[in-house]
Amino acid sequence: MSMFKQWFGGRKSAAEAKSRLKFVLIHDRAEIAPGMLEAIRDDIIDVIADRLQIERDRVAVNIEDEGGERRLMVDIPLAPARRRQGS
Amino acid sequence: MQATVITITSGKGGVGKTTTAANLGCALALRGQKVVIIDGDIGLRNLDIVMGLENRIVYDAVDYVEGRCKLKQALIRDKRAPELYLLATAQTRDKTAMNPEKMSALCDELRPDFDFIIVDSPAGIEQGFETCLAPADRCLVVTNPEVSSVRDSDRVIGLIESKEKDRTTHLIINRLSAARVKKQDMLSVEDIQEVLSTAIIGVVPEDESILSSTNKGVPVALGGKGAAAVAYSEIARRLMGEDVPLQPLQSGGFLQRLFGRS
Ligand SMILES: Nc1ncnc2c1ncn2[C@@H]1O[C@H](COP(=O)(O)OP(=O)(O)OP(=O)(O)O)[C@@H](O)[C@H]1O
Ligand SMILES: [Mg+2]
């Protein structure tokens, strides 16, 4: 079957179309530009990083939409815990 | 009689609004409904040629609104169905010749004499869209199974829902190719329904007979037997309140795809 698909050009682009649409519609509906989330993300990093060791590169800020209820989801991974070096 | 005003809209251009308006008008009229189709696309008159009535236009909607003719003179009777009329748009570049108030007043005047008033709106979400939306009791949003069209539909649905007036809004998915959906290379009806969370009133397949029928000025719904003609007549029945279940589209088997469609 998979060989068949390759021959006949089944590229399965539908799933990609659907997930890209979902992403873009969340921002369209909230009237929040994706770039705005980037700015919020940078500000959050500034505030937190002063006090906690965080994994800056993995901080994620997203809008999620579940059944019409929208949430700003912020995920801030902390830096791996290190055992305190004893005195 | 008190007509239901149905506005056909989409946001994105070229997705099939005019084709849908013409065919639903014909399908409803063939089912005994008294129908008028209004071309709401000022400056870009098209409904007349799609329906094959282009050489019958003497007066248009703007002529009536501006008092140059009687309403009866602007209503073009399409004799291929018992009670089907077209109200053409003006070819003027002055888009303010129509506005939401004038369109609503025009529809209110037509309401007592018809079962359905179908308004074909222009592409976009500017004044022409607002003008065509104003009189609507219900809206049909035409969407192609394609990302930009679905996105624009979402925008339009949002705009319709932001108005004070409560309207039922349904989707018509146009130009679906069941074969490509089956190959997972095109958004499916279920995908679009999920993304837009709006009920679907019908699915019109990609159908070659649409182009040839438009070339001839004879909408497929006037007697075509192809898949699109069937889809339009089912949508017409749903608009009339009949409970017609959405049928899964026939994609045809592999051999059928190779050796041509019915
Ligand atoms: N189901 C279909 N199968 C094949 N071709 C179609 C189908 N529906 C529409 N078309 C074709 O798509 C083109 C655009 O259709 P149409 O003029 O109805 O779109 P529209 O939304 O009214 O465009 P505009 O936004 O410019 O008013 C036409 O050439 C038409 O024949
Ligand atoms: Mg059109």
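The structure under discussion appears in the preceding block.
Summarised in this report is the structure supplied together with it. (Residues numbered from 1 in each chain as written. Chains lettered and ligands numbered in written order. Predicted model: local features only at pLDDT ≥ 70, side-chain atom pairs only at ≥ 80, totals over all residues. Heavy atoms only, no water.)

## Focus on the side chain of B:Asp60
Residue and element names in this part refer to chain B. Keep this limit in mind: Helix and strand assignments follow DSSP, with helices taken as H or I runs no shorter than four residues and strands as E runs no shorter than two, numbered in order from the N terminus. Under this definition, polar contacts are N or O atom pairs within 3.5 Å; protein pairs additionally need one hydrogen-donor-capable and one acceptor-capable atom, and for neighbouring residues in sequence, both atoms have to be side-chain atoms. We call two residues contacting when some pair of their heavy atoms lies within 4.5 Å.
Structurally, the position occupied by Asp60 is in the loop between α2 (47-51) and α3 (61-65). A distance of 2.9 Å separates the side chain of Asp60 from the backbone nitrogen of Asp63, its partner in a polar contact. Setting aside anything within four residues of it in sequence, one finds Asp60 in contact with Arg45, Ala74, Ala88, Thr89 and Ala90.

## Quick notes on the packing of aromatic side chains
Residues and elements named next belong to chain B. Rule in force here: Working definition: rings of Phe, Tyr and Trp (its six-membered ring) pair if their centres are within 6.5 Å, and the pair is stacked with planes under 30 degrees apart, edge-to-face with planes over 60 apart, and tilted otherwise. Relative accessible area decides the class of each residue, using a 1.4 Å probe on protein chains only: under 20% of the type maximum gives buried, over 50% gives exposed, and in between gives partly exposed. Two conditions define a charge located above a ring, namely a distance within 6 Å from the ring centre to NZ of Lys or CZ of Arg, and an angle within 35 degrees of the ring normal.
Here the structure, examined in full by the defined rule, presents one aromatic pair over all chains. Aromatic pair Tyr85 and Phe114: ring centres 5.7 Å apart, planes at 80 degrees, arrangement edge-to-face. Taken together, the residues span a long stretch of sequence, with Tyr85 in strand β4 (residues 84-87) and Phe114 in the loop between α5 (100-110) and β5 (116-120) at a distance of 29 residues. Across this residue pair, the class does not change: Tyr85 and Phe114 are buried. It is Lys34 that lies over the ring of Phe114; its NZ or CZ is 5.2 Å from the centre.

## Things to note about the packing of helix α2 (residues 14-30) of chain A against helix α9 (residues 189-196) of chain B
Operational definition: Where helices are involved, their axes are fitted lines through C-alpha atoms of the stretch in contact, as for all axes, and angles between N-to-C directions lie from 0 to 180°. An angle below 35 degrees is read as roughly parallel, one above 145 as roughly antiparallel, one from 65 to 115 as roughly perpendicular, and any other as oblique. In this scheme, a crossing is called left-handed if the near helix is turned counterclockwise away from the far one by less than a right angle; it is called right-handed if the turn is clockwise. We call Asp, Glu, Lys and Arg charged. Ala, Val, Leu, Ile, Met, Phe, Trp, Tyr, Cys and Pro are nonpolar, and the rest, Gly among them, are polar.
Between α2(A) and α9(B), the least distance of the axes is 10 Å, while the angle of their chain directions is 15 degrees. Between α2(A) and α9(B), the angle falls in the class roughly parallel. In this structure, α2(A) crosses over α9(B), and the sense of that crossing is right-handed. Each of A:Ala14, A:Lys18, A:Leu21, A:Lys22, A:Leu25 and A:Arg29 in α2(A) lies in contact with α9(B), whose residues at this interface are B:Asp191, B:Glu194, B:Val195 and B:Leu196. Its residues placed into classes, the contact of α2(A) with α9(B) shows five nonpolar, no polar and five charged.

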